[in-house]
Amino acid sequence: METTEKNRFSVLLEQLINMGEVKSSSLAAALRYDPSYISKWITGRMIPVEKTKQKVLRGISQEIVRQSTPDGLEMLSANYQITDTDELQNVIYDNLEAEYNYVMELQKTYGTLIEPKMSFFMMLSPAQYIAKMRHPVLRRVKLLNIAAEMDLMALNHEYRMQIIQGSMRREVYRSYPDVHFSLIIHIQPEKMEKIEDAVFLMNVISDMSRVDFRLYKNSQAAGRMIFSVQDEFMISGMLVDDKRCMVVNVSTETEHCRSMFETLSEVCTRDVLLYRPSTIDELIEEHIYQQSMLAMNKSWYIGHLTEHFLPDELFEELLETLKKEMAPDPIEEVQLRYLHALTKKALAESSSRVILCKEAITQLVIEKEISFYGYWIKLSLPQVKTYLRYLQTLCQGEEASLKMKVLSERLVTDYQYEMTQCVFLSDGSSYLMTKTENRKNNLALFNHPDMMTIFEQFFQSIWNIQDERCLSTSEEQQQFFDHMIHNTEIQTAIPFHF
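An account of the accompanying structure is given in this report.

Criteria and thresholds
- Residues numbered from 1 in each chain as written.
- Predicted model: local features only at pLDDT ≥ 70, side-chain atom pairs only at ≥ 80, totals over all residues.
- Heavy atoms only, no water.
- Helix = DSSP H or I, 4+ residues; strand = E, 2+ residues; numbered from the N terminus.
- Expected span 1.5 Å × (residues − 1).
- Buried < 20%, exposed > 50% of the residue type's maximum accessible area, 1.4 Å probe, protein only.
- Disulfide = S-S within 2.5 Å.
- Contact = heavy atoms within 4.5 Å.
- Pairing = 2+ DSSP bridges.
- Axes fitted to C-alpha atoms, helices over the stretch in contact; angles between N-to-C directions.
- Core = buried A, V, L, I, M, F, W, Y, C linked by side-chain atoms within 4.5 Å.
- Phe/Tyr/Trp six-rings, centres within 6.5 Å; stacked < 30°, edge-to-face > 60°.
- Lys NZ or Arg CZ within 6 Å of the ring centre and 35° of its normal.
- Salt bridge = Lys/Arg side-chain N within 4 Å of Asp/Glu carboxyl O.

### Some words on helix H16 (residues 381–395)
Now for step 1: Look at H16: 21 Å from first C-alpha to last across 15 residues, which is about the 21 Å you get at 1.5 Å a residue.
Now for step 2: Within the sequence span of H16, burial applies to Leu381, Gln383, Val384, Tyr387, Leu388, Tyr390, Leu391, Gln392, Leu394 and Cys395.

### Here's the deal with the state of the cysteines
Now for step 1: Using the criterion set out here, one finds zero disulfides in the structure.
Now for step 2: Cys245 carries a free sulfur, and the closest cysteine sulfur to it, the one in Cys257, is 17 Å from it.
Now for step 3: The exposure class assigned to Cys245 is buried, which follows from its relative accessible area of 2%.
Now for step 4: With no disulfide partner, Cys470 has as its closest neighbouring cysteine sulfur the one in Cys357, 9.9 Å distant.

### Description of unusual backbone geometry
Now for step 1: Its identity is not glycine, yet Glu21 carries a phi of approximately 60°, on the positive side.
Now for step 2: Its location among the elements puts Glu21 in the loop between helix H1 (8–20) and helix H2 (24–31).
Now for step 3: The phi torsion at Tyr373 lies on the positive side, around 55°, for a residue other than glycine.
Now for step 4: When you line up the elements, Tyr373 lands in the loop between strand S11 (369–372) and strand S12 (375–378).

### Some thoughts on the environment of Ile64
Now for step 1: Among the structural elements, Ile64 can be located in helix H4 (residues 53–67).
Now for step 2: With relative accessibility at 0%, the residue Ile64 sits in the buried group.
Now for step 3: In contact with Ile64, other than residues within four places in its own chain, are Leu16, Ile17, Val22, Leu76 and Ile92.

### Looking at the sheet that holds strand S5 (residues 224–229)
Now for step 1: Strand order in this open sheet of seven strands is S1-S7-S6-S5-S2-S3-S4, and the pairing throughout is mixed. In this open sheet, the two edge strands, each paired with only one partner strand, are strand S1 (118–124) and strand S4 (211–217). Strand-to-strand twist in this sheet, taken as the mean axis angle between neighbours without regard to direction, amounts to 10°.
Now for step 2: As paired strands, S1 and strand S7 (residues 244–251) are joined by six bridges and run antiparallel to one another.

### Looking at the nonpolar core
Now for step 1: Phe227 and Phe455 are the most contacted members of the largest nonpolar core, which totals 127 residues.
Now for step 2: Broken down by element, this core gets its largest block of residues, eight residues, from helix H17 (residues 449–463).
Now for step 3: Beyond its immediate stretch of four places on either side in the chain, Phe227 contacts Tyr129, Met133, Leu138, Ile146, Ala147, Ala148, Met150, Phe181, Phe233, Met234 and Ile235.

### A word on the packing of aromatic side chains
Now for step 1: Applying the stated criterion to the full structure yields 17 aromatic pairs.
Now for step 2: Ring plane angle 85° and centroid distance 5.7 Å describe the contact between Phe9 and Tyr100, whose orientation is recorded as edge-to-face. With Phe9 in helix H1 and Tyr100 in helix H6 (residues 85–110), this pair connects stretches of sequence that are 91 residues apart. A single burial state applies to Phe9 and to Tyr100, both of which are buried.
Now for step 3: Look at Phe200 and Tyr417: their rings are 6.3 Å apart centre to centre, the planes differ by 65°, and that puts the pair in the edge-to-face class. You can see Phe200 sitting in helix H9 (residues 196–207) and its partner Tyr417 sitting in the loop between strand S13 (402–407) and strand S14 (422–425), a full 217 residues away along the chain.
Now for step 4: Its relative accessible area of 1% is what places Phe200 among the buried residues.
Now for step 5: We note Arg58 situated over the ring of Tyr93; from NZ or CZ to the ring centre the distance is 3.7 Å.
Now for step 6: When the ring centre of Phe200 is taken as origin, the NZ or CZ atom of Arg160, which lies over that ring, is 5.2 Å away.

### Let's talk about the pattern of salt bridges
Now for step 1: Per the stated rule, a full pass over the model turns up 27 salt bridges.
Now for step 2: For Asp207, the salt bridge is made with Arg210, and the minimal N-O distance between the two is 3.8 Å. Taken individually, Asp207 and Arg210 each receive the classification buried, so the pair is uniform in this respect.
Now for step 3: In this structure, the salt-bridge partner of Arg337 is Glu316, at a minimum N-O distance of 2.9 Å. Note that Arg337 is positioned in helix H14 (residues 333–349) and Glu316 in helix H13 (residues 312–326), a separation of 21 residues in sequence.

Laid out in structure tokens, this is it:
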């Protein structure tokens, strides 16, 4: 009996029905379709028409979740790593839509719903390459293994993050440990733009902190654009310049994709790893946090406000909040008190330079929260005022060992890039901390000398700014903090908040 190869949408639909242990006849009844239509969608003989796509896909996702057996619902939740049923409906809809759009694009491009095993393009623009790279398999959050070798720094800024992100799921409040992504890039610190390229790397680290991501350096990535999903998809080409990618091959042939993935994985070794993903808890356990406080030549870029700038009374208040509301495990009170005292003493008595981002202080006044040893804690308005007044006192005194500047303007024009990270540099260990609600892998411990060079150049370039973009004098800084404290007082006078 001759069998017809199924399109990706039909394969996914059948997987969802089987996984949820849903009867196709019950699904048809709920959608008010004849069972023969559901059968044709599953077998791939047809797919829903485009004009009713949204209604049909939304109905399928809702009914699969609603009609699933308890075991089936557990399977679906495990597959998408989501337990909330409303969220589960949304991600199933998202998955179905991605596959549907993909097969419809195949229909328009190749005249078939079945993706070709191999495609070749003599030349693609970066935008066209990105479109080909956005394969729906990247929406998966379980057992997804990716390896890539890409000359990203040779591309225009507008394309870099689009390529890094692809179509992977990265909700800010979730982590996806079963998504493994190893990326090899070519970097030359001496040729990089000191601020914009560093900000790009900051955003790569932040954006990819939700998956198991590793970033490697290798000069063989120069001129290459290779992206491979183990066993399932790959695209490769040569980057001639920032506008042209030549000799592009796209493949879904299992052996081809597996071979490319394995070839790239072989060069992903520890000696070329640019940073090691970590957490604040690991930093403390390994005494790296303490060592960085005692190290010489501390240079900090503060893109979000942290526990480093707390007066004693406010520290104790936040510690109590953490004990009562935030922490799932017992808090090492003695240890945190020691770290607080150590930080305060180090800032008072050893040479330190700190760049405070105006945006971080503005966010404190508006959102009223800080990162307290990796936990995000809401502050009351009086606590915000106390924090700001203490920061203001730290900025006073031209001869103090602690030198502070306030970065008052954005230094990159591309608003897809954020500067909300914190970078802690020193002669000891150096690291970057992201602003995410996910405490797993929210910290990057610099593993390679090039990362130190890149971020030292970044810090020094900002520190050397002598115009209105950086508030350098004590008078300018005091006026700024007076204004922010006044903004807090305005909110205090309002009888209700949201």
